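Chain and residue survey
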Amino acid sequence: AGLDAAGGQPAAAPAAPPKAAEPLTVLFASESGNSEKLAGDVGKLARKQGFKPKVVDFADLDLATLPKAGKIVAIAATWGEGEPPARAVRAYGELMGDAAPRLDGVEFAVLALGDTSYAEFCAIGKALDARFEALGGKRAAERADLDLDFDKPAADWIKATLKALAPAPADNVVAVDFARAGGAEDEDAEPSREPYLVEVVEHVNLNSSRSDKETIHLALAFEEGAPAYEPGDSLEIYPENDPQLVDEILKAAGLEGDEALRKALLSERDITTLSAATIERFVKATGHADAQKLIDSGEARAWIEGRQLIDLIETYPAKLTGEHLGAITRPLPPRAYSIASSRKEVGDEVHLTIAAVRYQTHGRARSGVTSVHVADRIRDGAKLRVRLKPNRHFRLPQDPATDIIMVGPGTGVAPFRAFVQERRATEASGRSWLFFGDRQFTHDFLYQLEWQEALEDGSLTKIDVAFSRDQPEKIYVQDRITQHAAELVSWLDGGAHLYVCGDAKNMARDVRAAVVKAYETTKGLSPADAEAQVATLERGHRYQQDVY
Ligand code: 2AM
């Protein structure tokens with residue numbers, strides 16, 4: 001620590017002999033894998049262009065190893081309400097803190113990923129970009145803030161940024177077609193990111209008809225053979241919009257009867273998300289003075305809360321064209337769901353567990369685009385367009401004898417159905433313990449019969465359930481963890497891996513706190529020492545999360 005802060009000049013980098021590989025550090029902070037994938041793309045392309053790239057996960061980052069004079073590309077996702085990805089929290093905090101090293105001799109560029117349907121769009125990438133500069137770094141390329149449809153703009157940014165970072169003369173740079181750089185001739189290319197058309201062969205509501213929830217078990221058949229997925233991976237579904245909402249938007253825009261436009265809005269454009277950028281694009285397209293006032297008043301953000309595109313065009317009526325709607329909206333993104341099956345048990349199928357999202361805001365019924373498409377408009381025999389989304393940070397232990405503890409309330413249970421299937425099929429000897437929670441035992445016990453069978457055949461060793469609404473006070477999975485603290489800690493001491501899947505905002509945080517507490521109470525540790533125990537599990541990839 002301290003490093004160059006005392007005014008010392010950073011050691012000059014030795015003049016690179018011609019064609020010597022120029023070191024390049026590619027940092028990524030990733031939650032669902034997109035930033036990680038792009039960091040891999042940067043690494044591959046950089047290598048082809050004569051750099052010597054090193055791709056580093058924020059989760060494994062030791063700040064002392066950052067180059068004092070060198071080049072850094074950072075790719076960072078923003079999660080939830082402006083948070084860093086869970087695995088990046090520690091290193092991100094250190095970088096933002098007082099002990100961060102100076103970066104005076106460093107050239108950097110930041111690519112920010114985010115989702116405009118959340119407030120604080122790309123907050124983490126923006127903060128990193130400012131921080132690198134504040135620490136003395138020199139910005140080699142302007143930051144880009146990308147929404148969910150990042151594929152093309154990210155490829156363009158990477159190309160331009162590597163060019164900017166390349167040592168002079170610029171014509172050293174070998175021209176590479178980026179689209180090809182990640183293409184079929186790469187041996188280490190990910191398997192099958194291309195979309196498949198699959199058939200729905202099972203569509204069942206797992207809740208009882210008297211439940212206030214509706215959770216669809218969906219079995220999808222791959223005619224040409226399922227892609228090589230692993231338990232822990234996700235599958236993206238390309239949805240269609242609610243036809244009734246499409247009609248309401250067309251009506252509000254004065255465009256009823258335009259069949260080609262209707263079709264495009266159904267399957268190609270995101271017609272629900274409303275962000276500050278949407279309002280700005282709306283004003284640019286229509287010149288609407290009142291909508292401009294909303295922006296100028298500084299109250300647009302608060303107004304957006306709970307509202308969608310339809311509210312904007314009903315509140316600020318304007319005659320729109322199809323081009324306007326195209327310019328105002330973004331492409332309709334696919335939605336990822338954790339896979340609930342193992343290929344070893346279901347062959348060329350993929351199973352998913354999807355909760356229909358329905359709620360009411362500002363006097364209007366709203367629905368989750370993909371989940372309600374699946375719940376209401378998809379039946380046996382229907383076709384869906386899907387794409388595999390690998391997640392190598394949510395994996396069964398390599399050793400089949402290692403114990404596993406799984407915490408998955410609600411649809412968070414999905415990947416654990418895959419884990420248990422896999423362990424049954426491979427006759428793994430390790431013990432497995434599931435914590436499941438939902439609202440009511442009689443209506444919401446997802447896959448109840450399967451868990452009973454798994455207990456009988458030994459692929460599941462223990463199950464503890466928390467039904468939150470079967471008694472006056474709430475009981476959650478973390479309460480069960482607290483009740484069984486000693487046993488849980490003894491499993492972990494014996495080398496067990498712990499997995500948490502489901503709600504990111506509250507559940508995952510509360511479960512983590514309960515695990516820290518379990519160490520405190522059973523081992524008599526101070527809060528700080530118990531926290532350090534859990535941090536060690538995380539760094540050792542023995543505490544893994546798949547949260548959304
Ligand atoms: P609730 O809706 O009754 O509050 C699956 O959605 C289950 O997770 C439900 O039983 C839900 O309870 C519960 N749940 C809600 N908030 C939670 C939290 N912070 N931690 C754990 N479980 C939670």
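Residues numbered from 1 in each chain as written. Predicted model: local features only at pLDDT ≥ 70, side-chain atom pairs only at ≥ 80, totals over all residues. Heavy atoms only, no water.

Further remarks concern the nonpolar core. Of all hydrophobic cores here, the largest spans 28 residues; its most connected members are Ile249, Leu265, Ile279, Phe282, Leu312 and Leu320. Residue assignment for this core shows that the elements contributing at least two residues are helix 6 (243-252), helix 7 (259-267), helix 8 (276-286), helix 9 (289-296), helix 10 (300-304), helix 11 (309-315) and helix 12 (322-328). Setting aside anything within four residues of it in sequence, one finds isoleucine 279 in contact with Leu274, Ala291, Leu294, Ile295, Ala300, Ile304 and Leu312. (Core = buried A, V, L, I, M, F, W, Y, C linked by side-chain atoms within 4.5 Å. Buried < 20%, exposed > 50% of the residue type's maximum accessible area, 1.4 Å probe, protein only. Helix = DSSP H or I, 4+ residues; strand = E, 2+ residues; numbered from the N terminus. Contact = heavy atoms within 4.5 Å.)

So, on to unusual backbone geometry. Its identity is not glycine, yet glutamate 120 carries a phi of approximately 60°, on the positive side. Relative to the assigned elements, glutamate 120 resides in the loop between strand 4 (105-113) and helix 3 (123-134). Among the residues examined, glutamate 120 registers a relative accessible area of 36% and is labelled partly exposed. Despite not being glycine, tyrosine 447 shows a phi value in the positive range, around 60°. Take tyrosine 447: it is sitting in the loop between helix 16 (441-444) and helix 17 (448-457).

Along an α-helix, residues three or four apart share an orientation, since each turn contains 3.6 residues. What helix 8 keeps buried is the set Thr278, Ile279, Phe282 and Val283. Buried residues of helix 8 fall within an arc of 135° about the axis and therefore sit on the same side. Contacts made by the buried residues of helix 8 are with helix 9, helix 10, helix 11 and helix 12. Of the residues flanking the end of helix 8, it is glycine 287, one or two places downstream, whose phi is positive at about 65°. (Arc of directions from axis to C-beta.)

Now for the side chain of arginine 387. The topology assignment puts arginine 387 in strand 16 (residues 383-389). Apart from residues lying up to four places away in sequence, arginine 387 is in contact with Asp151, Arg193, Glu194, Pro195, Ser234, Leu235, Glu236 and Tyr238.

With that settled, consider the site of the ligand. Not every one of the 13 residues close to the ligand is listed here, only the nearest: Ser468, Arg469, Lys474, Tyr476 and Asp510. In this structure, lysine 213 approaches the ligand through a side-chain N or O atom, which is 3.1 Å from an oxygen atom. Within the residue set of the shell around the ligand, elements represented by two or more residues are strand 18 (432-438) and helix 20 (507-523). Here the residues of the shell around the ligand are counted per class, giving two nonpolar, five polar and six charged. (Near = heavy atom within 4 Å. Polar contact = N/O pair within 3.5 Å; in protein donor to acceptor, adjacent residues only side chain to side chain. Nonpolar A, V, L, I, M, F, W, Y, C, P; charged D, E, K, R; others polar.)

A few words on the packing of aromatic side chains. The tally for this structure, following the rule as stated, stands at 16 aromatic pairs. Plain terms: the ring middles of phenylalanine 436 and phenylalanine 467 are 6.3 Å apart, the flat faces sit at 70° to each other, and that makes the pair edge-to-face. Of this pair, phenylalanine 436 sits in strand 18 while phenylalanine 467 sits in strand 19 (residues 462-467), and the two are 31 residues apart along the sequence. Exposure remark for phenylalanine 467: the relative accessible area of 6% places this residue in the buried category. An aromatic cluster is present here, built from Phe394, Phe416, Phe419 and Tyr499 joined pairwise through their rings. Cation over ring: arginine 335 sits above tyrosine 337, and NZ or CZ is 5.0 Å from the ring centre. Over the face of the ring belonging to tryptophan 433 we find lysine 462, whose NZ or CZ atom lies 4.6 Å from the ring centre. (Phe/Tyr/Trp six-rings, centres within 6.5 Å; stacked < 30°, edge-to-face > 60°. Lys NZ or Arg CZ within 6 Å of the ring centre and 35° of its normal.)

Right, let's talk about the confidence of the model for the protein chain for a bit. Of the residues in the protein chain, 92% reach a pLDDT of 70 or more, and the chain-wide mean stands at 91. Contacts of residues 1-18 to residues separated by more than four positions or lying in other chains number 11 contacts, the stretch itself having pLDDT below 50. Both confidence scores are given for the complex: pTM 0.86, ipTM 0.97. (pLDDT = per-residue confidence, 0-100.)

This next bit is on the pairing of strand 17 (residues 404-407). Of the two faces of strand 17, both are covered, the one formed by Ile404 and Met406 as well as the one formed by Ile405 and Val407. The parallel pair strand 17 and strand 18, bridged by helix 15 (residues 414-425), forms a crossover whose chirality is right-handed. With four bridges joining them, strand 17 and strand 20 (residues 497-502) adopt parallel strand pairing. Bridged to valine 407 within strand 20 is valine 500. (Right-handed = clockwise from strand over helix to strand, strands pointing away. Pairing = 2+ DSSP bridges.)

A few words on the sheet that holds strand 19. Within the open sheet, the five strands sit side by side as 19-18-17-20-21. Their pairing is parallel. Among the strands making up the open sheet, the edge pair consists of strand 19 and strand 21 (543-547). Taking the axes of each pair of neighbouring strands and ignoring which way they run, one obtains an average angle of 10° across the sheet. Packed onto the sheet, helix 19 (residues 485-493) meets strand 17, strand 18, strand 19 and strand 20 and runs at close to 135° relative to strand 18. (Axes fitted to C-alpha atoms, helices over the stretch in contact; angles between N-to-C directions.)

Here we come to the packing of helix 2 (residues 89-96) against helix 3. In the contact formed by helix 2 and helix 3, the axes pass within 10 Å of each other and the chain directions differ by 40°. When the axes of helix 2 and helix 3 are compared, the crossing they make is left-handed. Of the residues in helix 3, those touching helix 2 at Tyr92, Leu95 and Met96 are Ile124, Ala127, Leu128, Arg131 and Phe132. Taken together, the residues that form the contact of helix 2 with helix 3 break down as seven nonpolar, no polar and one charged. (Left-handed = near helix turned anticlockwise from the far one by under 90°.)

Another point: empty space enclosed by the protein. Here the idea is plain: a probe the size of a water molecule rolls over the atoms and shows the empty space left. Overall, the coordinates contain one cavity of 30 Å³ or more when judged by the stated rule. Taken as a whole, the largest cavity encloses approximately 50 Å³ of empty space. Forming the walls of the largest cavity are Thr116, Asp147, Asp270, Thr273, Ser275, Thr278, Arg281, Ile328, Thr329 and Arg330. Class assignment for the residues of the lining of the largest cavity results in one nonpolar, five polar and four charged. (1 Å grid on protein atoms, 1.4 Å probe; cavity = no way out; pocket = protein on both sides within 12 Å on 5 of 7 lines; lining within 4 Å. Points joined across faces, edges and corners; volume = space filled by probe spheres on them.)

Once that is clear, we can look at the sheet that holds strand 12 (residues 335-338). Pairing is antiparallel in the open sheet, where six strands are placed in the order 12-9-16-7-8-13. Of all strands in the sheet, those bounded by a partner on one side alone are strand 12 and strand 13 (349-355). Going from strand to strand, the sheet's axes swing by 40° on average, the running direction of each strand aside.

Time to look at the side chain of serine 342. With respect to the helices and strands, serine 342 occurs in the loop between strand 12 and helix 13 (343-346). According to the relative accessible area criterion, serine 342 is buried, its value standing at 0%. At 3.0 Å, the side chain of serine 342 and the backbone nitrogen of lysine 344 are in polar contact. Within the structure, the side chain of serine 342 is placed 2.8 Å from the side chain of glutamate 422, a separation counted as a polar contact. Once residues lying within four places of it in the same chain are set aside, the contact partners of serine 342 are Tyr229, Ala418, Gln421 and Glu422.

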